[in-house]
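# Notes for the structure review
Residue strings, one per chain:
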Amino acid sequence: MSAQEKIPVVPKQFLLPFILTTCCFSLWGFANDFTNPLVKVFEQVFIIGTSQASWLQFAFYTGYFCMAIPAALFIRRYSYKAAIILGLTLYGTGALITIPASLSATFWIFCLASYVITYGLAFLETSCNPYILAMGPPETATQRLNLAQAFNPIGSLTGMAVATFLLAPSLQVGEFRAELRENNPTYTQYLLADAQNIPAGATLEGDKVTLKDGNTVAFYGNGVPVFKNELPGVLDGAVPNALKTLRSEEPEKFRALQHADLGFVRTPYMVIAGVVFTFLIIFSVSKLPIFKRDEKDAPFFTVTAHLLKKAHFREGVLAQGFYVGAQIMCWTFIIHYGMEQVGLDLAAAQKWNIAAMVIFLCSRFICTFLLRFIRPSKLLFLFALGGFSCTVGAIYLPGYVGLASLVLVSGCMSLMFPTIYGIALKDLKEEEAKLGSAYLIMAIVGGAVLTKLQGGLIDAYSVRASFWLPAACFILIALFAYRTYQYHHRAA
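The model shown is predicted, which means the values in this text are computed figures rather than measured ones. Sequence order as written defines residue numbering, which begins from 1 separately in each chain. Only residues with pLDDT of at least 70 are given local features in this predicted model, and only at 80 or more are side-chain atom pairs given and counted; all residues enter the totals for whole chains, interfaces and linings. Each side-chain value is derived from all of the structure's non-hydrogen atoms; neither hydrogens nor water enter the calculation.

## Examining the overall build of the protein
Numbering of helices and strands starts at the N terminus; helices are DSSP runs of H or I of at least 4 residues and strands are runs of E of at least 2. A tally of helices and strands in the protein yields 24 helices and three strands. Three exposure classes are used, based on accessible area relative to the maximum for each residue type with a 1.4 Å probe and protein chains only: buried under 20%, partly exposed in between, and exposed over 50%. The proportion of buried residues among the 492 residues of the protein is 59%. Partitioning the contacts of the protein with sequence separation of at least 6, the portion at a separation of at least 24 is 82%. Here the Shrake-Rupley method, with its probe set to 1.4 Å, supplies the accessible areas, and only the displayed protein chains count as covering residues. On the protein, roughly 19000 Å² of surface is accessible, and the fraction owed to carbon and sulfur atoms is 64%. Charge assignment: positive for Lys and Arg, negative for Asp and Glu; neither His nor the chain ends contribute. Taken as the charge location is NZ of Lys, CZ of Arg, CG of Asp or CD of Glu. Between the mean site of the 36 positive side-chain charges and the mean site of the 29 negative ones, the protein shows a separation of 13 Å. The contact criterion used throughout is that any non-hydrogen atoms of two residues lie within 4.5 Å.

## A short note on the sheet that holds strand 3 (residues 216–218)
Here three strands make up an open sheet; going across it, the order is 1-2-3 and the pairing antiparallel. The open sheet has two free edges, formed respectively by strand 1 (203–205) and strand 3, since each of these has just one partner strand. Across this sheet, the average inter-strand angle for adjacent strands is 30°, counted without regard to direction. In short, DSSP must find at least two bridges between two strands for them to pair. In this description, a line fitted to the C-alpha atoms serves as the axis of each element, helices being fitted only across the stretch in contact, and the angle between N-to-C directions of two axes falls anywhere from 0 to 180 degrees.

## Considerations on the environment of leucine 453
Relative to the assigned elements, leucine 453 resides in helix 22 (residues 446–460). On the basis of relative accessibility, which here comes to 44%, the residue leucine 453 falls in the partly exposed class.

## Side note on the packing of helix 2 (residues 15–35) against helix 9 (residues 141–149)
Across the interface, helix 2 lies against helix 9 with an axial gap of 9 Å and an inter-helix angle of 55°. As far as their axial angle goes, helix 9 and helix 2 are oblique. Here Phe18, Thr22 and Phe25 of helix 2 lie close against helix 9, whose contacting residues are Arg144, Leu145, Leu147, Ala148 and Gln149. Amino acid classes used here: Ala, Val, Leu, Ile, Met, Phe, Trp, Tyr, Cys and Pro are nonpolar; Asp, Glu, Lys and Arg are charged; the rest, including Gly, are polar. Within the contact of helix 2 with helix 9, the residues separate by chemical class into five nonpolar, two polar and one charged. Any angle from 65 to 115 degrees is called roughly perpendicular, while one under 35 is roughly parallel, one over 145 is roughly antiparallel, and all others are oblique.

## Here's the deal with the pattern of salt bridges
If charged atoms from side chains of opposite charge come close, those side chains can pair. Salt bridges are defined as contacts in which a side-chain nitrogen from Lys or Arg sits within 4 Å of a carboxyl oxygen from Asp or Glu. Summed over the entire model, instances satisfying the criterion amount to nine salt bridges. Two residues, arginine 181 and glutamate 182, come together in a salt bridge whose shortest N-O distance is 3.6 Å. The partly exposed category is assigned to arginine 181, whose relative accessible area is 33%. Glutamate 182 sits in the partly exposed class, given a relative accessible area of 45%. Salt-bridge contacts for glutamate 252 lead to arginine 255; the nearest nitrogen and oxygen are separated by 2.2 Å. Of the two residues, glutamate 252 and arginine 255 both sit in helix 14 (residues 251–285), three residues apart, roughly one turn of that helix. Each of Lys40, Glu43, Arg177, Asp236 and Glu340 takes part in salt bridges that share partners, so that together they form one network.

Quick look at the structure:
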């Protein structure tokens, strides 16, 4: 047994603080992965395009960018514990904003709620990650963070399970889609296919009908398709057309459908708000290690200048941005892939997302073990190439095989966030690690920018073609891993 194997990953004196802090990893995992399927839900409930619905993810991940540095400054002034308490407060407050968002049926207030939630998550992630690193010897810091991060998917799975087994089956818009697929006349009447029966106030021009409320829908001049005999994309194109006609011709009926579905969206947020505020009380009354230094931290810009001189840190921040972007793209648009390329409904597509998260969770525990024997940069390089290969499989392989390939990407992503994080902060002083952590959390904005960009690619091209974007991210992560091993610090 080597000397490193004898060093404890979590020393006994830090076991309780480690457990409490690790619970926070699950809390932000829930927020991340309950939000992902809402992009598709809001597309249907608000009848908007993928690019516009992706503003939800943009707001969610931009909150990290805006609040990571203030969180780091707060930690420098106070403590990790104080930052966690403030983070939980903001998280719970953001969840409560979904009440006015759902009651007013306003998409942009949901975006605001997501934005405030990630104010809290920025405080939690900026504090919890370095806090875990500090809870023991530096030799096992990366293993310790991988272990804590392994519990993040538990929260993610909970969020996915709520979306799959509670939210999706309850949505009236899902029932609307299912009945349309069966060509139920009660629902297909909202697909305009007869020039003689164009609604009053609407105008027909070519293959488009402009409704009296100004919205445009397709005109099915050749008759309503038999959706079971068509490719899945035909149904997905018909659903917004039918819903727009329903909204124009029977606004009260549409508003009842919309408010019912938004009520279902609101309920999980109310539950998580209660859980978050409970943890707020627990942290407030618990005695946790402070890790405050006697000497005063160097000025903010001085520390930043030192950080920017370190190539492994600079490149680590960029790699983290590309990783988070790839992760959020794969987990958000796996639902679009399943519905539009395979013909699944929302609940069935979300089950594939759960399968991806189970693989992610199992792989993270496996990687925590492998890191005891394989250098982090080597393992990161191999897994990044695996992620690229699986993403290319999703682009080119047909139907369920392509969907399975997309699911397997999650096994390759499992070690990336904590490993990039640990490499980037390796050998930094404590005051540098605090601020460096904030910059790595700011890099989560990659999930905002790249997901929004992929949403535009889906609207402009197709779901399959859009996955070249995460594929490129994995190549850049592999390059970072290679440079770490070759040039930065070969022990990493």
